[in-house]
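# Descriptive structure summary
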Amino acid sequence: MTLKWSYMDHWRSDSPSGPVDQWNTIGTMDRFLKQVAAVGYQAIDCFDHRYFTIMDMFGSVGNYQEFVQERGLERIVNTFHAANYDPRVYAPHIRETHPTILEDFRVTLDRWSDIALDNIIVMPAALYYDMEPVTEDKIKITGELWNKVGEITKAAGVNLTCHHEFFCGIQSRWELDTFYANTDPEYVNLFVDTAQHCIATVDPVEFYDAYADRVTGFHFKDTRHQDLIGDHRRRPDSELMSETTPKWFHEMGDEGGLVDFEAFIRAVVRNGYDGWLSVEHDKANKLGGNHAESTAIARWYAKNVLEKIAAEEGAR
């Protein structure tokens, strides 16, 4: 089995004026893409909100993808629609906001119609503290919305796939099982984030195995901590206001990591997944970390550990 690796949009590098991301200038984007390609990633993912910067810098999404390809990467695989959930106007568990959300996705798909995306990724629920108490009825209403959104995306040739952050209103195993029992597998898929599920005390390998037929992508990253004291309820930002740890996420290959990537990649092969695997490094620069270093270490681990295990598993 040949594994295909894409790199997600998180990045920071130092400059004379402080940290900058790859979207700062054409030059910073050029260097970012060359670094990602040089260590062996084959494609990239990006956030949907980058659309406006793409238009300013490149004129169209198609032009940006050509820029990506000229630097040795195949294409843009996925976009993450990071919505600003607000119970007053945009909240999947509140039916009155559904027309606004549906229109938002019609607009979003039109913006990205220049290229062939595999997935549009969403966090399918509002922030946990805005949704609780999380009830079966609220989850069913949320499922109703995403079934309708999935019909829209499927008609455009793009998978709708759900990514559950540990601070998402749907994050425990009961909440996840209830959500997927109330969504149509034809329209609503799953995007497994190894670290986010682990933080939420959901075993990512077991969870993936249970829903493998609905999985259309992954974020591969590690964590050293689990949320055992309700950090997912911290306002205004569960990642930044946590009492458990100042840094939730680490790259694959981290010595203190809790995710069993070797078991996970065996499950990927065993379940016959043949799509892209995305590597993600949220806030890798915290506590003296470095995005370029984390990205290179993760690629080393993917090539020298995971790809060998995948080949072994595939030969059985």
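Structural notes, computed from the coordinates. These figures come from a predicted structure and were not determined experimentally.

Rules used throughout
Residues numbered from 1 in each chain as written. Predicted model: local features only at pLDDT ≥ 70, side-chain atom pairs only at ≥ 80, totals over all residues. Heavy atoms only, no water. Helix = DSSP H or I, 4+ residues; strand = E, 2+ residues; numbered from the N terminus. Rg over C-alpha atoms; globule rule 2.2 N^0.38 Å. Buried < 20%, exposed > 50% of the residue type's maximum accessible area, 1.4 Å probe, protein only. Contact = heavy atoms within 4.5 Å. Areas by Shrake-Rupley, 256 points an atom, 1.4 Å probe, with all protein chains shown as cover. Polar contact = N/O pair within 3.5 Å; in protein donor to acceptor, adjacent residues only side chain to side chain. Expected span 1.5 Å × (residues − 1). Axes fitted to C-alpha atoms, helices over the stretch in contact; angles between N-to-C directions. Parallel < 35°, antiparallel > 145°, perpendicular 65-115°, else oblique. Left-handed = near helix turned anticlockwise from the far one by under 90°. Pairing = 2+ DSSP bridges. Phe/Tyr/Trp six-rings, centres within 6.5 Å; stacked < 30°, edge-to-face > 60°.

A count of helical and extended segments in the chain gives 11 helices and 10 strands. In terms of overall size, the chain behaves like a compact globule, its C-alpha atoms giving a radius of gyration of 19 Å where 316 residues would be expected to give roughly 20 Å. Taking the principal axes of the C-alpha coordinates as reference, the chain spans close to 50 × 45 × 40 Å. The 316 residues of the chain split such that 56% are buried. Contacts in the chain between residues at least 24 apart in sequence constitute 79% of all its contacts with a sequence separation of at least 6. Of the roughly 13,200 Å² of accessible surface on the chain, 47% is carried by carbon and sulfur atoms.

So, on to the side chain of Arg50. With respect to the helices and strands, the residue Arg50 is situated in the loop between strand E2 (43-47) and helix H2 (51-58). With a relative accessible area of 13%, Arg50 lands in the buried category. In terms of polar contacts, Arg50 uses its side chain to reach the side chain of Asp21, at 3.4 Å. Here Arg50 is in contact with Asp9, Asp21 and Trp23, once residues within four sequence places are set aside.

This part takes up helix H6 (residues 136-155). For H6, built from 20 residues, the straight-helix expectation of 28 Å at 1.5 Å per residue is met to within 8% by its first-to-last C-alpha distance of 29 Å. For H6, the complete set of buried residues consists of Ile139, Ile141, Thr142, Gly143, Leu145, Trp146, Asn147, Val149, Gly150, Ile152 and Thr153. Contacts made by the buried residues of H6 are with helix H4 (98-111), strand E4 (119-122), helix H5 (128-131), strand E5 (159-162) and helix H7 (173-181). Looking at the residues trailing H6, positive phi occurs at Gly157, about 80 degrees.

Bringing the packing of H6 against H7 into the picture now. Relative orientation of the contacting elements H6 and H7 amounts to 45 degrees, with a least axis distance of 9 Å. As summarised for this structure, H6 and H7 are arranged oblique, according to the angle between their axes. Here H6 runs over H7; the crossing is right-handed. Together, Glu136, Ile139, Thr142, Gly143 and Trp146 of H6 and Trp174, Glu175, Thr178 and Phe179 of H7 make up the contact between the two elements.

What the 8 strands build is a closed barrel, ordered E1-E2-E3-E4-E5-E6-E7-E10; its pairing is parallel. Shown here is a sheet whose adjacent strand axes are inclined to one another by a mean of 30 degrees, direction ignored. Where strand E3 (residues 76-81) meets E4, 4 bridges bridge the pair, whose relative direction is parallel. Bridge pairing links Asn78 to Asn119 in E4.

Turning next to the packing of aromatic side chains. Applying the stated criterion to the full structure yields 25 aromatic pairs. Here the aromatic rings of Tyr51 and Phe52 are separated by 5.4 Å at their centres, their planes lie at 80 degrees, and the arrangement is edge-to-face. According to the relative accessible area criterion, Phe52 is partly exposed, its value standing at 47%. A ring pair is formed by Phe220 and Phe261, whose centres lie 5.9 Å apart and whose planes are at 25 degrees; its orientation type is stacked. Of the two residues, Phe220 is situated in strand E7 (residues 215-220) and Phe261 in helix H10 (residues 261-270); the sequence distance between them amounts to 41 residues. Given a relative accessible area of 0%, Phe220 falls into the buried group.

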